[in-house]
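Each chain, letter by letter, is given below.
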Amino acid sequence: MDWQELTDLTRGQEFKVERVRLVESGIAVEGEFEPPQLAQLSADDQVFVAAFVRSHGSIKEMERIFGVSYPTVKARLNRIAGHLDFVDTDPAPTGADVIERLRQGDISVDEALAELERSR
């Protein structure tokens, strides 16, 4: 069974994977595993994401492939993004980071206080 069949079968309901078997070695691991976020999307959304990646993120190309307008592509991407957790690529500095930069003279006391206040 592939992911598309699984997502069709589950019809959007939450599911857990309880057994994983490595094909080459035959080793099986049992437990409760969260399926990858992309695998939890509907089959149609998985195809849409794959097409978006293949088109290098070109919304114009997505318009052409799916025969829809720019706002339709953007709306679908926004809806899909709402189902995915994102890693913060610019996390707020920790208090220790701010203190270390202050200690090294990279920032002033006022800048350090402002950063600590923003990170609350």
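This text gives an overview of the structure that appears in the document. (Residues numbered from 1 in each chain as written. Predicted model: local features only at pLDDT ≥ 70, side-chain atom pairs only at ≥ 80, totals over all residues. Heavy atoms only, no water.)

This brings us to the overall build of the protein. Helix and strand counts for the protein stand at seven helices and two strands. Starting at the N terminus and ending at the C terminus, the protein contains elements arranged as α-β-β-α-α-α-α-α-α. Relative to a compact globule of 120 residues, whose C-alpha radius of gyration would be 14 Å, the protein shows 22 Å and is clearly more extended. Overall, the protein is about 60 × 45 × 25 Å in size when its C-alpha atoms are taken along their principal axes. (Helix = DSSP H or I, 4+ residues; strand = E, 2+ residues; numbered from the N terminus. Rg over C-alpha atoms; globule rule 2.2 N^0.38 Å.)

Mapped onto the fold, Asp-45 is located in helix H3 (residues 43-54). In contact with Asp-45, not counting residues within four places along its chain, are Arg-76, Arg-79 and Ile-80. (Contact = heavy atoms within 4.5 Å.)

Okay, the packing of H3 against helix H4 (residues 59-66) next. Axis separation between H3 and H4 bottoms out at 9 Å; the angle between their running directions is 130°. Considered as vectors, H3 and H4 are oriented oblique to each other. Considering how the two elements wind past one another, H3 and H4 form a crossing that is right-handed. Contact residues: Phe-48, Ala-51 and Phe-52 in H3; Ile-59, Met-62 and Phe-66 in H4. (Axes fitted to C-alpha atoms, helices over the stretch in contact; angles between N-to-C directions. Parallel < 35°, antiparallel > 145°, perpendicular 65-115°, else oblique. Left-handed = near helix turned anticlockwise from the far one by under 90°.)

Negative phi values dominate among residues other than glycine, just as trans dominates among peptide bonds. Phi is positive for His-56, close to 60°, though the residue is something other than glycine. Mapped onto the elements of the fold, His-56 is located in the loop between H3 and H4. Residue class for His-56 comes out exposed when judged on its relative accessible area of 75%. (Buried < 20%, exposed > 50% of the residue type's maximum accessible area, 1.4 Å probe, protein only.)

Across the interface, H4 lies against helix H5 (residues 70-81) with an axial gap of 9 Å and an inter-helix angle of 105°. Here H4 is positioned roughly perpendicular relative to H5, judged by the angle of their axes. Across the interface between the two elements, Ile-59, Met-62 and Glu-63 of H4 pack against Tyr-70, Val-73, Lys-74 and Leu-77 of H5. A class-by-class count of the residues in the contact of H4 with H5 yields five nonpolar, no polar and two charged. (Nonpolar A, V, L, I, M, F, W, Y, C, P; charged D, E, K, R; others polar.)

What follows concerns the nonpolar core. Counting ten residues, the largest nonpolar core is built from Leu-41, Phe-48, Val-49, Ala-51, Ile-59, Met-62, Val-73, Leu-77, Ile-80 and Leu-84. Those elements giving two or more residues to this core turn out to be H3, H4 and H5. (Core = buried A, V, L, I, M, F, W, Y, C linked by side-chain atoms within 4.5 Å.)

The next subject is the pairing of strand E1 (residues 17-21). Bridge analysis of E1 against strand E2 (residues 28-33) gives four bridges, and the strand direction is antiparallel. Looking at the pairing, Arg-21 lines up with Ala-28 of E2. (Pairing = 2+ DSSP bridges.)

Purely spatial values, then, with no claim about function.
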